[in-house]
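# Architecture and fold: a report
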Amino acid sequence: MSTGDYYVKHLAVDLPLTAAERIADATLAAGRGAGLLPLTVVVLDAGGHAVVLKREDGSGILRAEIATGKAYGALGMGIGSRVIRDRLKERPAFQAAIAAASDGRFIPVPGGVLVCRADGAVIGAVGVSGDASDKDEYAAIEGVRAAGFTPHPENPSETWRDAGL
């Protein structure tokens, strides 16, 4: 076989690296603009695979896992992680079951935001950790929107600025 006959088929990609980088960079910029603590942001494709992970200087070493868990939970349930928290508030046994089913990759607090195309199809999720969860979610929503996609949820909590650690 000549080397000209050897090739690899490329996978179709709905959330290309360039778009994921735009989301991550815009998310970090939103955090800096709002005066948030150092953030870690991860962008997952629709299959739950990390496309981009960025950790600002000073962001804690567990933040990558937390951000991933927020995004992974949003993808797994098909709703933003704040919505998950609100819907499952009175169902701790179900939350624990989801955490077990996902091998602990489920973190049901704000900061996991779905990335949707214009037609509403989910093509990935962004997860953010580093400040109060509502502030993390604010940065994620702003990052998704700045990159030209529709976030879910579409708006941060009305009281995100007042959230404390």
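Residues numbered from 1 in each chain as written. Predicted model: local features only at pLDDT ≥ 70, side-chain atom pairs only at ≥ 80, totals over all residues. Heavy atoms only, no water.

For sheets, the rule is that strands pair by backbone hydrogen bonds, running either parallel or antiparallel. Strand order in the open sheet formed by five strands is 2-1-4-3-5, and the pairing between neighbours is antiparallel. Bordering the open sheet on either side are strand 2 (50-55) and strand 5 (150-152), each of which pairs with just one other strand. For this sheet the average axis-to-axis angle between neighbouring strands, irrespective of direction, equals 20°. Across the face of the sheet, helix 1 (residues 17-33) comes into contact with strand 1 (40-45), strand 2, strand 3 (112-116) and strand 4 (122-129) while running at roughly 25° to strand 2. (Pairing = 2+ DSSP bridges. Helix = DSSP H or I, 4+ residues; strand = E, 2+ residues; numbered from the N terminus. Axes fitted to C-alpha atoms, helices over the stretch in contact; angles between N-to-C directions. Contact = heavy atoms within 4.5 Å.)

Once that is clear, we can look at the pattern of salt bridges. For the structure shown, the criterion picks out eight salt bridges. R117 is paired through a salt bridge with D119; the nearest N and O atoms lie 2.8 Å apart. Under the relative-accessibility criterion, R117 is labelled partly exposed at 33%. Residue classification places D119 among the exposed positions, given a relative accessible area of 57%. (Salt bridge = Lys/Arg side-chain N within 4 Å of Asp/Glu carboxyl O. Buried < 20%, exposed > 50% of the residue type's maximum accessible area, 1.4 Å probe, protein only.)

This brings us to the nonpolar core. In this structure, L15, I23, V43, V126, V144 and F149 are the most contacted members of the largest nonpolar core, which totals 25 residues. Elements supplying a minimum of two residues to this core: helix 1, strand 1, strand 3, strand 4 and helix 5 (133-146). With six residues, the single largest contributor to this core is helix 1. Residue contacts for V43: discarding those within four places in its chain leaves L15, A20, I23, A24, H49, A50, V51, V52, A125 and V126. Judged by nonpolar contacts, the second largest core, of nine residues, contains L44, A71, L114 and C116. (Core = buried A, V, L, I, M, F, W, Y, C linked by side-chain atoms within 4.5 Å.)

Below, the discussion takes up helix 5. Across its 14 residues, helix 5 extends 20 Å between first and last C-alpha, which sits within 8% of the 20 Å expected from 1.5 Å per residue. Burial within helix 5 is extensive, with ten of its 14 residues counted as buried. Every buried residue of helix 5 is accounted for by D134, K135, D136, E137, Y138, A139, A140, I141, G143 and V144. Tucked inside the fold, the buried residues of helix 5 contact helix 1, helix 2 (63-77), helix 3 (81-87), strand 3, strand 4 and strand 5. One or two positions beyond helix 5, positive phi appears at G148, with a value near 95°. (Expected span 1.5 Å × (residues − 1).)

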